[in-house]
Amino acid sequence: EVSKQIRFVTTGSLVPKKNHVFLISIINKLKLIGYDVHLTIIGEGSERQKIEKLIEYHKLEKNVLLTGMSNQVPFYLEQSHIYLHSAYYEPFGLAIIEAMASGLPIVSLDGLGNRKLVKKRLNGFLIAGNDENKFIDAILTLIRNKVLYQSIVDWNRIEAKNFDVSIYVDKLLSIYKKAIDRSITQ
């Protein structure tokens, strides 16, 4: 069906709440149904050995790369097709914004804080619960629908600019300046 390699990326500490073991299962299932999939996991943490054992158990050594900590995040984002986010709790989701800025479609579990960021079919898919089948369906929708995929890429590149830190800094400075001006004139 799809002859080319599909490259996924995720960033985050290798800790239980980031739920990387979920992604190993996803990659295994996609491989078992015939897809040439590769996942790069950027981050380090207490779950590394557990993740390595799962990779070995499913014989995914050629499909999953654990980079550890890296200052090459933009490079890995640029080399990928889809950003996967498996955290079951996420207060905000800066990693998702970075992925959006790179134009990557997002397939994410609903970690609460990322609800404001991931909008179905606009910039990706937000999956409730730890539902592997729905997560895989979302990935397959992106792989099979090139028009949808490209519209998400375009939308994400534009929308991510709304989260530009410099914009927030300018807004904050403006608020502070107004507060200072008021206190001086009163």
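Residues numbered from 1 in each chain as written. Predicted model: local features only at pLDDT ≥ 70, side-chain atom pairs only at ≥ 80, totals over all residues. Heavy atoms only, no water.

### Focus on the overall build of the protein chain
Put simply, the rule reads: Note on conventions: DSSP H or I runs of at least 4 residues are helices, E runs of at least 2 residues are strands, and numbering of each starts at the N terminus. We call a residue buried when its accessible area falls under 20% of the maximum for its residue type, exposed when it is over 50%, and partly exposed in between, using a 1.4 Å probe and counting protein chains only. Contacts are residue-level and defined by heavy atoms, with any inter-residue pair within 4.5 Å sufficient. All accessibility values rest on the Shrake-Rupley procedure with a 1.4 Å probe; residue burial counts only the protein chains present in the view.
Summing up its helical and strand segments, the protein chain has seven helices and six strands in all. When the helices and strands of the protein chain are read in sequence order from the N terminus, they spell out β-α-β-α-β-α-β-α-β-β-α-α-α. When the 186 residues of the protein chain are sorted by exposure, 45% land in the buried category. In the protein chain, of all internal contacts separated by at least 6 residues, the share reaching a separation of at least 24 is 67%. When the accessible surface of the protein chain is split by element, carbon and sulfur atoms take 57% of a total near 10,400 Å².

### Looking at the side chain of Ser80
Here is the rule we go by: Between N or O atoms, a polar contact is any pair within 3.5 Å; within protein, one atom must be a potential hydrogen donor and the other a potential acceptor, and residues adjacent in sequence are included only when both atoms are from side chains.
Inspection of the secondary structure assignment puts Ser80 in the loop between α3 (73–78) and β4 (82–85). Polar contacts involving the side chain of Ser80 include one to the main-chain carbonyl oxygen of Tyr76, which spans 2.8 Å. In contact with Ser80, not counting residues within four places along its chain, are Arg7, Phe8, Val9 and Leu104.

### Considerations on the packing of helix α1 (residues 20–32) against helix α5 (residues 132–144)
For clarity, the cut-off: For helices, the fitted axis covers only the stretch in contact; all axes are lines through C-alpha atoms, and the angles between them, taken along N-to-C directions, range from 0 to 180 degrees. Should an angle fall under 35 degrees it is taken as roughly parallel, and over 145 as roughly antiparallel, whereas 65 to 115 is taken as roughly perpendicular and any remaining angle as oblique. In this scheme, a crossing is called left-handed if the near helix is turned counterclockwise away from the far one by less than a right angle; it is called right-handed if the turn is clockwise. Residues were grouped as follows: Ala, Val, Leu, Ile, Met, Phe, Trp, Tyr, Cys and Pro as nonpolar; Asp, Glu, Lys and Arg as charged; and all remaining residues, including Gly, as polar.
Contact pair α1 / α5: the axes reach a minimum separation of 10 Å and the direction vectors enclose 60 degrees. In this view, α1 runs oblique relative to α5, as classed from their interaxial angle. As α1 runs across α5, the sense of the crossing is right-handed. Contacts between α1 and α5 involve Phe22, Leu23, Ser25, Ile26, Lys29 and Leu30 from the first element and Glu132, Phe135, Ile136, Ile139 and Leu140 from the second. Taken together, the residues that form the contact of α1 with α5 break down as eight nonpolar, one polar and two charged.

### Examining the packing of aromatic side chains
Where we set the bar: Any two rings among Phe, Tyr and Trp, with Trp reduced to its six-membered ring, count as a pair given centres within 6.5 Å; such a pair is stacked if its planes are under 30 degrees apart, edge-to-face if over 60, and tilted if neither.
Per the counting criterion, the structure on display carries two aromatic pairs. Ring geometry for Phe22 and Phe135: centres 5.0 Å apart, planes at 90 degrees, overall edge-to-face. Of this pair, Phe22 sits in helix α1 while Phe135 sits in helix α5, and the two are 113 residues apart along the sequence. Summarising the burial analysis for this pair, Phe22 and Phe135 share the class buried. Ring centres 5.4 Å apart and planes at 70 degrees place the aromatic pair Phe75 and Tyr76 in the edge-to-face group. For Phe75, a relative accessible area of 42% translates into the label partly exposed.

The quantities given are spatial measurements derived from coordinates; they are silent on function.
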